[in-house]
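Spelled out, the chains give:
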Amino acid sequence: MPIEYLQAFISECYPKAKFMKTNESNQNWFTYYQNSLQGNIVRPHGRDFARLIFFQFDAVRAQDTKKLLSGLARDFITSAGLQKKQSKKWNPKAGHGELFIGLYLTHAAYVFLDQDSPFNSGSVTNGTPSAGLQKDGQVIHCMLLLAHDGKGKLDNHQKYFEDKFADDCGAKKITAEEGNKLIGKSTNPDGSPREYNRDHFGYADGISDPVFFANGKGDHYDATADIKNFIAKEPGTQKYGSFLVYMKLEQDIQRFKDGEAHLRQQLETIGAGDLAANAAAMMIGRTQNGTPVADPSKNSLDNWNDFNYDHPEAAKCPFHAHIRKMNNRQHKSANQDIKILRRGIPYGREEAPEWKLLNPADPQNKKGLLFLSFQQSIEVFNTQLALAEHSEESPGIDPIIGFLNNEFPDDNTRSSRFQHEFPAIRNRNNKPFRFDGFGGFVRLESRVDLFAPSLDFLKNLT
Ligand code: HEM
């Protein structure tokens, strides 16, 4: 037996064994489970375009559905191991790379397939899709994720799989979403050009996900985490999967820009004009190019996650900033601080300079985030989301994702519900500066709770 299998076996049996570094034990674990775990969990798929296709299975064709799913697992779904090989081979100059395929099931699918559901063994959730997708009482059973660097190729793949689902087992497409990466451009401290993934508000995103296979230890923060924090053992197979939350989050860019302009003008009025350029960054916690407000010296790609909120400088980052609400970095280690792996992709047309002219009511002009996150349970995700509206450290609702789950603020309630204090900025009476009404720019359109089953589970469906 090769030594790495032995080490993986030992780390499996003795998860608390401390004889190796986290990234080394991850590597051993990966060697053992890479062909059963789906891709996109321990590494993002990285493709420029994605399609999320939601299906309902045909009530009288369970056997055909099982056959389809096991065939997909054998011939198409991208395992974590295959994804690694693909990314090693990937060469941006040699065309568009390969298709990535992920397949995820709701609790309703496990019931339909007459299989033990991971949702039952966890503490929460009935797996019911939320209002946005449950058109006419239709139930979602499955989400297929297709991702590719070539848009045209992805169109063809989408057509192929939609037809295959319909022909092989009568599955009905409920809806499909199109995601596309947005690229931000800036410069590095040495003047060289920097490109990064960004969201529709214009901010670098996907920076703080944990590192699994390298040593992420910096002076102030260790980004290395244990894979086992994000996966769940699957009933029946002794293999691992992960719970996936999908949320379609619509972003109101016009309102965000208006809020930013208003905040900037207020800062100028109280004589804090030097902070005005970073007005909205104080609500996010990072400037547009990803530099943390808590430590502006961490401004290059190799150190932009190496900070915490412990030192006096961190007073520059208000408690209510989105990234501080989501992770107050109190343990200075992703292993304890980070519980979710964000794998989302924006949707909607990239805003042109004349974006103000586009009619936001036109469905074609809607923009937002196809938020995806993997975690050990749905409860873990709900606890994370709840931080937006409560956390011990932080007064003030998360200006980006506050009230996603609760009653969404309208124009009359916005000011009273989003009240933010900036302890480090004093107004003319030497009181902490307060700003009301910055928030409510992101609306929950729909949510579906899923599980990423192992390839073994799918292959063995009979
Ligand atoms: C449209 C909605 C959202 C936008 C525009 C947004 C934007 C951002 C941005 C710009 C960052 C900084 C980049 C980074 O650290 O990776 C960030 C970080 C983060 N966001 Fe969001 N986000 C959204 C929704 C969510 C949701 C729904 C959650 C979870 C419930 C979430 C959790 C996080 C976490 C955990 C971090 C990393 C914090 C850290 O470790 O420092 N975000 N987000």
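Residues numbered from 1 in each chain as written. Predicted model: local features only at pLDDT ≥ 70, side-chain atom pairs only at ≥ 80, totals over all residues.

**Remarks on the packing of helix α3 (residues 62–75) against helix α7 (residues 151–169)**
The contact between α3 and α7 brings their axes to 8 Å, and the two run at 140°. Accordingly, the angle class assigned to the pair α3 and α7 is oblique. In this structure, α3 uses Asp64, Thr65 and Leu68 to contact α7, whose residues at the interface are Phe165, Asp168 and Cys169. (Axes fitted to C-alpha atoms, helices over the stretch in contact; angles between N-to-C directions. Helix = DSSP H or I, 4+ residues; strand = E, 2+ residues; numbered from the N terminus. Parallel < 35°, antiparallel > 145°, perpendicular 65-115°, else oblique. Contact = placed C-beta atoms within 7 Å.)

**Quick notes on the pairing of strand β5 (residues 182–187)**
Within β5, only zero of the six residues are buried, which leaves the element largely exposed. As defined by bridge partners, β5 adjoins strand β6 (residues 193–198) across six bridges and the pair is classed as antiparallel. Pairing of threonine 187 across the sheet is with proline 193, part of β6. Hairpin geometry of β5 and β6 is characterised by an intervening segment of five residues between the two adjacent antiparallel strands and by a positive phi of about 90° at glycine 191. (Buried ≥ 20, exposed ≤ 12 C-beta atoms within 10 Å, placed from the backbone. Pairing = 2+ DSSP bridges.)

**Points about the site of the ligand**
Inspection of the region around the ligand gives 25 residues, with Tyr203, Ile207, Ser208, Met326 and Asn327 positioned closest. Among the secondary structure elements, those contributing two or more residues to the shell around the ligand are β8 (240–251), α10 (322–326), β11 (368–375) and α12 (378–386). In terms of residue count, the dominant contributor to the shell around the ligand is α10 (three residues). A breakdown of the residues in the shell around the ligand according to their chemical character gives 16 nonpolar, six polar and three charged. (Near = placed C-beta within 6 Å. Nonpolar A, V, L, I, M, F, W, Y, C, P; charged D, E, K, R; others polar.)

**Things to note about α3**
With 14 residues, α3 extends 20 Å from end C-alpha to end C-alpha; this agrees with the ideal 20 Å at 1.5 Å per step. Those residues of α3 not exposed but buried are Thr65, Lys66, Leu68, Leu69, Leu72 and Ala73. Buried residues along α3 cover an arc of 160° about the axis, so they all sit on one side. Exposed residues pointing more than 90 degrees away from the buried face of α3 are listed as Gln63, Arg74 and Asp75. For α3, the secondary structure elements touched by its buried residues are β2 (100–105), α7 and α14 (455–459). (Expected span 1.5 Å × (residues − 1). Arc of directions from axis to C-beta.)

**So, the confidence of the model for the chain**
Per-residue confidence for the chain gives a mean pLDDT of 89; residues scoring 70 or more make up 90%. In the predicted structure, residues 122–127 sits below a pLDDT of 50 and forms 19 contacts with residues beyond four places in sequence or in another chain. (pLDDT = per-residue confidence, 0-100.)

**Focus: helix α8 (residues 253–269)**
In an α-helix, one turn spans 3.6 residues; hence positions three or four apart end up facing the same way. Taking 1.5 Å of rise per residue, 17 residues should cover 24 Å, and α8 covers 24 Å from first to last C-alpha, within 8% of that figure. Of the residues making up α8, those classed as buried are Ile253, Phe256, Gly259, Leu263 and Leu267. With its buried residues spanning 125° around the axis, α8 presents them on a single face. Of the exposed residues in α8, the ones pointing more than 90 degrees away from its buried face are Asp258, Gln265 and Thr269. Taken together, the buried residues of α8 touch β8 and β13 (432–436). A positive backbone phi angle near 85° is found at glycine 271, which sits one or two residues after α8.

**With respect to the pairing of β2**
Taken across its six residues, β2 has six buried, putting it largely inside the fold. Alternating positions in β2 separate into two faces, Phe100, Gly102 and Tyr104 on one and Ile101, Leu103 and Leu105 on the other, with burial throughout.

**Examining the environment of aspartate 163**
Within the secondary structure, aspartate 163 is located in helix α7. Take aspartate 163: there are 10 C-beta atoms within 10 Å of it, and that puts it in the exposed class. Each C-alpha atom of the pair aspartate 163 and lysine 173 lies 9.6 Å from the other, and the pair is 10 residues apart in sequence.

**Points about the nonpolar core**
Counting residues in each nonpolar core, the largest one holds 113 residues, and the members touching the most others are Tyr104, Met143, Leu146, Leu244 and Tyr246. The greatest single-element share of this core, amounting to seven residues, is contributed by β8. For this core, the domains that each give at least three residues are domain 1 (3–187) and domain 2 (248–447). Excluding anything up to four places from it in sequence, leucine 146 contacts Ala50, Arg51, Leu99, Ile101, Leu154, His157, Gln158 and Phe161. (Core = buried A, V, L, I, M, F, W, Y, C linked by C-beta atoms within 7 Å. Domains from an automatic or database assignment.)

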